[in-house]
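The lines below spell out each chain.
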Amino acid sequence: MNSATGKDAPTQSATTKISLKNIYKVFGEHPKKAFALLRAGKTKSEIHAATGCSIGVNDASFDIRAGEIFVIMGLSGSGKSTLLRLLNRLIEPSSGSIEIDGRDITGMSRSELIALRRRDISMVFQSVALLPNRTVLNNAAFGLEVAGVGEAGRKQKALAALKAVGLDGYADSRPDQLSGGMKQRVGLARALASEPTILLMDEAFSALDPLIRTEMQDELVRLQSEHSRTIVFVSHDLDEAMRIGDRICIMQNGNVVQVGAPDEIVTQPANDYVRSFFRNVDVAHVFKAGDVARKSQVTIIEREGVSAAAALERMKNYDREYAIILGRDKTYHGMISQTSLIEKMRAKAADPYRGAFLTEIQAIPASEPLSNVLGKVAASPWPVPVVCDRNRYIGSISKSALLETLDRAS
């Protein structure tokens, strides 16, 4: 369970979609000399000065999980776009292996690689390069046409893709009749039309105005929630990476410096280079309620044989004023206090648990951004319970836990 989302998120045991093992890319005419200098510990700039070769990617090894949005980011020249293009062999690796669904694509023949691209991989670039003499529908269907799909079949799939991005009403329009954001949606629809399992996106939204860019980010996340794909997204924009990325890969001078979830990288940066990226990040927009929730409150399973008196005694033994009432399946039922429970017991209520619930407090979804939680926790006299999307109790957020989190990340 991912505490940030409350969903069954990818873990180390989750299905691996793409696996990179010791991937190198050397540009230039003397790769053997460059490799020898690399093994000798020379830097990228030293190797370039000595051989004229450029180290695009240096010994990249990591896995990309099925169904996640994996963001690759770094400064200009860090190797992020090169790494992305290695994943479908638009750029050939100098050495190492790239496995997709367990198959090493570096050993594939040209025909096998073309079949893989048509079946499993689509790519979206910064410039969508729509064909001006074609309608939106025919632009969306262009990749299918190149792949040899029949007219009826490609139009059906292209219309479905346009509908997915909200442009089915513009199927007969021309590109010059569309806004920049709409053109980018057509490019996305073109990539989706082939129903890929992997979507590679290279700075896909960077040319858009900030407001349209945010809308496209939200659109991508929405599409992912409706039809989960493995998305590898290159970006130089930190806010974009934090908004859409399940995990982020930070690159520097061709090296993979750190791979991790956004909150992990913010709180545990691998080095000063990574730390500099996140120095001015507002952690309230990075963390979710589930990241801060703690299981420090007393929990009581609501079932036969557990009397109100026993529940009260348990709260006193643990020196807790409040307790969380759960079902047998850990679903959240409510929150009580010693005061509210004693009051119902004295009134000989038929169901003291239910009667003692603190109705003023509502559980917060684990996926709620911390920025939306601050005011609720500050205004609540009680710790605020946090639940996953199946209403299972994850923990509670107290004022002290919230302050400790903000202080630790500052």
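You'll find the chain entered in an unreviewed UniProt entry as Quaternary amine transport ATP-binding protein, with Rhizobium laguerreae given as the organism. UniProt, in the comment section headed Sequence similarities (unreviewed entry), describes the chain in these words: "Belongs to the ABC transporter superfamily." UniProt annotates the chain under Subcellular location (unreviewed entry) with the comment "Cell inner membrane".

(A) Quick peek at the environment of Gly 107. Along the chain, Gly 107 falls in the loop between β5 (103–104) and α4 (110–120). Along the sequence, Gly 107 and Ser 97 sit 10 residues apart, while their C-alpha atoms lie 8.5 Å from each other. In this structure Gly 107 touches Arg 89 and Glu 112, once residues within four positions along its chain are discounted.

(B) Expanded view of the packing of helix α14 (residues 308–317) against helix α15 (residues 338–346). Direction vectors running N to C along α14 and α15 enclose 155 degrees, while the axes themselves pass 10 Å from each other. Taken as axis vectors, α14 and α15 run roughly antiparallel relative to one another. For the pair α14 and α15, the crossing hand works out as left-handed. Counting all contacts with α14, which are made through Ala 308, Ala 309, Ala 311, Leu 312, Met 315 and Lys 316, the residues of α15 involved are Gln 338, Leu 341, Ile 342 and Met 345. Its residues assigned to classes, the contact of α14 with α15 comprises 8 nonpolar, 1 polar and 1 charged.

(C) Layout of the packing of aromatic side chains. Inspection of every chain in the model, using the stated rule, returns 4 aromatic pairs. Between the aromatic rings of Tyr 24 and Phe 35, the centroid separation amounts to 5.4 Å while the plane-to-plane angle is 70 degrees, which identifies the pairing as edge-to-face. On the criterion of sequence distance, the pair formed by Tyr 24 in strand β1 (residues 16–27) and Phe 35 in helix α1 (residues 31–39) is long-range, its members being 11 residues apart. Summarising the burial analysis for this pair, Tyr 24 and Phe 35 share the class buried.

(D) Examining the UniProt feature "domain: ABC transporter" (unreviewed entry) in the chain more closely. Mapped onto this structure's residue numbering, the UniProt feature "domain: ABC transporter" (unreviewed entry) falls at residues 18–278. From the first C-alpha to the last, residues 18–278 spans 27 Å; its make-up is 41% helix and 24% strand.

(E) Local environment of the packing of α1 against helix α2 (residues 44–51). One way to put it is that α1 packs onto α2 with a least axis distance of 10 Å and a crossing angle of 145 degrees. For the pair α1 and α2, the crossing hand works out as right-handed. Between α1 and α2, the residues in contact are Lys 33, Ala 34, Leu 37 and Leu 38 and Ile 47, Ala 50 and Thr 51, respectively. Residue composition of the contact of α1 with α2, by class: 5 nonpolar, 1 polar and 1 charged.

(F) Structural detail: the sheet that holds strand β14 (residues 364–365). Reading across the sheet, the 3 strands line up as β14-β15-β16 and stay open at both edges, with mixed pairing between neighbours. Whereas interior strands pair on both sides, the edge strands pair on one side only; in this sheet they are β14 and β16 (393–397).

(G) Focus on the confidence of the model for the chain. In the predicted model, the chain carries a mean pLDDT of 86, and the fraction of residues at 70 or more is 93%. A low-confidence stretch, residues 1–13 stays under pLDDT 50, and its non-local contacts, those more than four residues away or across chains, total 28 contacts.

(H) Representation of the nonpolar core within the structure. Leu 188, Met 201, Phe 233, Ile 250 and Phe 278 are the most contacted members of the largest nonpolar core, which has 48 residues in total. Broken down by element, this core gets its largest block of residues, 6 residues, from helix α8 (residues 180–192). Contacts of Leu 188, omitting those with residues within four sequence positions, involve Val 124, Val 165, Leu 199, Met 201, Met 216 and Leu 223. Ala 60, Ile 64, Ile 72 and Ile 121 belong to the second-largest nonpolar core, a separate cluster that totals 28 residues.

(I) Focus on the environment of Val 286. Mapping Val 286 onto the fold places it in the loop between α12 (272–277) and α13 (289–292). Placed 43 residues apart in sequence, Val 286 and Arg 243 show a C-alpha to C-alpha distance of 7.9 Å.

About the criteria used
Residues numbered from 1 in each chain as written. Predicted model: local features only at pLDDT ≥ 70, side-chain atom pairs only at ≥ 80, totals over all residues. Heavy atoms only, no water. UniProt positions renumbered as here; feature names shortened; annotations may be inferred. Helix = DSSP H or I, 4+ residues; strand = E, 2+ residues; numbered from the N terminus. Contact = heavy atoms within 4.5 Å. Axes fitted to C-alpha atoms, helices over the stretch in contact; angles between N-to-C directions. Parallel < 35°, antiparallel > 145°, perpendicular 65-115°, else oblique. Left-handed = near helix turned anticlockwise from the far one by under 90°. Nonpolar A, V, L, I, M, F, W, Y, C, P; charged D, E, K, R; others polar. Phe/Tyr/Trp six-rings, centres within 6.5 Å; stacked < 30°, edge-to-face > 60°. Buried < 20%, exposed > 50% of the residue type's maximum accessible area, 1.4 Å probe, protein only. Pairing = 2+ DSSP bridges. pLDDT = per-residue confidence, 0-100. Core = buried A, V, L, I, M, F, W, Y, C linked by side-chain atoms within 4.5 Å.

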